[in-house]
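Residue-level structure breakdown
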Amino acid sequence: MFERIEFSATPSGPLKGVRIIDLSRLVAGNTLTMTLGDLGADVIKVEPLAGDTLREWRVANIETAWKTYSRNKRSLCLDLRHPDSRDIMLRLIAGAHVMVESFRPGTLESMDLSPELLLAVNPALVLARISGWGQTGPYADRPGFGTLVEGMSGFASMNGFADREPVLPPIYLGDMTAGLYGAIGILAALRHVEVTGGQGQVIDIPLLDPLFSILGPQAANYRLTGKVKPRTGSRSTNSAPRDVYRTADGHWICLSASTQSMTEKLFGAIGRPELTADPRFATNSLRLKNVEALDEIVAGYIGSLTQKDCLEFFQQNGITVGPVYDMADIEQDTHFHARQIIVELPDAEMGTIPVHAISPRLAKTPGGFHRAAPHLGADTRDVLREVGYDRSEIEALELNSIVKPPEKSD
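Per an unreviewed UniProt entry, the protein is named Crotonobetainyl-CoA:carnitine CoA-transferase CaiB-like acyl-CoA transferase, and its organism is Granulicella mallensis.

Set out below in structure tokens:
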């Protein structure tokens with residue numbers, strides 16, 4: 001078990017007082033608003049009557065993805081297809097700082113909630129629009145899940161091994177990258193509002209563009225060489241040795257000697273200082289050309305030691321190595337515990353749920369955990385009261401199935 005953290009009574013963090021209306025679904029938008037909610041923003045999830053589709057991603061019938069990505073949020077359950085929902089949305093927007101949506105381009109306009117209208121209602125509004133391919137361009141109307149973007153961005157083509165198929169990431173990499181880039185964009189736009197005294201704007205957040213941006217200089221490299229980056233498994237095309245290596249007890253370590261001095265230190269540590277002058281390994285470019293022979297030497301030494309002995313030996317000699325962990329290893333690691341990289345939050349179904357800590361860590365104005373991921377519609381009545389609806393009006397909205405009251409409570 002990791003350290004248990006209790007929810008604080010009130011939000012904390014540098015974004016306290018910022019209200020975000022989140023109409024997004026699944027991972028990208030929920031990553032974005034979780035990041036801002038962790039830093040103190042008041043995030044109101046506007047969910048359809050059936051709930052955000054992220055709720056359907058269950059493990060052992062527990063909504064683990066929802067609980068992880070929707071902490072520090074409130075749930076307003078609203079049928080956006082009902083014409084009377086428009087008044088509710090406009091009231092929400094009037095008092096908000098940010099709105100996030102992830103509909104297919106054009107959907108917001110078809111709901112008579114165009115960016116022009118929303119900015120007329122609230123000129124300081126920051127409107128973040130998440131989509132697969134962007135609000136413009138020949139692919140704008142295509143449905144765009146992260147899987148497609150991870151393929152088209154160039155990521156999959158260079159991920160994996162040369163003798164096998166391209167490999168998609170085993171996590172929601174496209175969505176999470178877009179969510180984090182989107183959070184950065186929103187913070188910049190909020191700063192602009194502060195500086196200009198109220199000029200909001202629209203932020204176009206495709207899944208494609210951010211994922212391509214983290215691939216680095218691939219476009220420039222291709223322009224210079226005419227060659228696409230090959231799939232090299234865990235090896236690097238920039239430096240060698242760099243790989244994962246199996247230890248004598250069947251575990252793995254990762255090693256990177258990405259500088260000349262580190263490589264020379266490695267050769268000395270394994271008792272092969274003469275390799276420094278070997279014409280195959282004397283420079284980084286030569287090592288890359290002879291990487292298979294180099295890896296055979298390094299793997300042979302590492303394969304003679306257990307993971308524990310290997311790590312201790314290399315760390316004592318100042319070599320940059322680390323273990324390849326799975327979650328069972330992480331649960332036992334002292335650094336993860338000491339740094340509270342994972343914390344235990346109270347949870348009605350699990351007792352506590354282990355989740356990643358708030359990142360980044362601000363020294364003066366840290367974020368905090370102030371509420372668990374909400375049950376469907378848990379905050380519908382509270383939010384409606386906050387934007388001016390009285391009890392009878394709320395009852396009428398519920399009676400007409402425009403909004404949905406709390407599904408359950410803890």
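Alright, that's what it looks like, and here's the rest.
Comments concerning the overall build of the protein
From N to C terminus, the protein includes 17 helices and twelve strands. Taken along its principal axes, the extent of the C-alpha atoms in the protein is 85 × 50 × 40 Å. For the protein, buried positions account for 44% of its 410 residues. Residue pairs in contact within the protein that sit at least 24 positions apart in sequence constitute 69% of those at least 6 positions apart. Put simply, the protein shows about 20,500 Å² of open surface, and 55% of that area lies on carbon and sulfur atoms. Taking the 41 positively charged and 50 negatively charged side chains of the protein as two groups, their mean positions are separated by 4 Å.

Topic: the environment of T64
Here T64 is to be found in helix α2 (residues 64-69). The sequence separation of T64 and F313 amounts to 249 residues, and the corresponding C-alpha distance is 39 Å. If sequence neighbours within four positions are ignored, T64 has contacts with W57 and V59.

Details of the domain arrangement of the protein
For the protein, the domain assignment lists domain 1 (19-215 + 367-400) and domain 2 (242-331). Distance from the C-alpha centre of domain 1 to the C-alpha centre of domain 2: 43 Å.

Points about the sheet that holds strand β2 (residues 42-47)
Read across the sheet, seven strands follow the order β6-β5-β4-β1-β2-β3-β12 without closing on themselves; strand pairing throughout is mixed. The sheet terminates laterally at β6 (201-206) and β12 (403-404), the two strands that pair on one side only. In terms of strand pairing, strand β5 (residues 126-131) meets β6 through six bridges, oriented parallel. In the strand pairing of β6, L127 is matched with V202.

Topic: the nonpolar core
Counting 37 residues, the largest nonpolar core has I20, L32, L36, V98, V100, V126 and I186 as its most contacted members. Listing elements by their share of this core, those giving two or more residues are α1 (26-38), β4 (98-101), β5, α7 (173-196), β6, α8 (208-213), β10 (342-347) and β11 (351-356). The greatest single-element share of this core, amounting to seven residues, is contributed by α7. If sequence neighbours within four positions are ignored, L36 has contacts with L15, I20, A41, A183, I186 and L187. Formed by 28 residues, the second largest nonpolar core is a distinct cluster that contains M89, L90, L384 and I402.

Digging into the pairing of β11
Bridge count for β10 against β11 is six bridges, and the pairing is antiparallel. Paired with E344 across the two strands is P354, which belongs to β11.

Quick notes on helix α12 (residues 291-302)
End to end, α12 covers 16 Å across twelve residues, agreeing with the expected 16 Å (1.5 Å per residue, within 8%). Residues of α12 that are buried: V291, L294, D295, I297, V298 and I302. Down the axis of α12, the buried set is contained in an arc of 160°. They therefore lie on one face. Exposed and facing more than 90 degrees away from the buried side of α12 are E292 and E296. Where α12 is buried, its residues contact β7 (242-246), β8 (252-256), α10 (260-269), α11 (284-289) and α13 (307-316).

Parameters and conventions
Residues numbered from 1 in each chain as written. Predicted model: local features only at pLDDT ≥ 70, side-chain atom pairs only at ≥ 80, totals over all residues. Heavy atoms only, no water. Helix = DSSP H or I, 4+ residues; strand = E, 2+ residues; numbered from the N terminus. Buried < 20%, exposed > 50% of the residue type's maximum accessible area, 1.4 Å probe, protein only. Contact = heavy atoms within 4.5 Å. Areas by Shrake-Rupley, 256 points an atom, 1.4 Å probe, with all protein chains shown as cover. Lys, Arg positive; Asp, Glu negative; His and termini not counted. Charge placed at Lys NZ, Arg CZ, Asp CG, Glu CD. Domains from an automatic or database assignment. Pairing = 2+ DSSP bridges. Core = buried A, V, L, I, M, F, W, Y, C linked by side-chain atoms within 4.5 Å. Expected span 1.5 Å × (residues − 1). Arc of directions from axis to C-beta.

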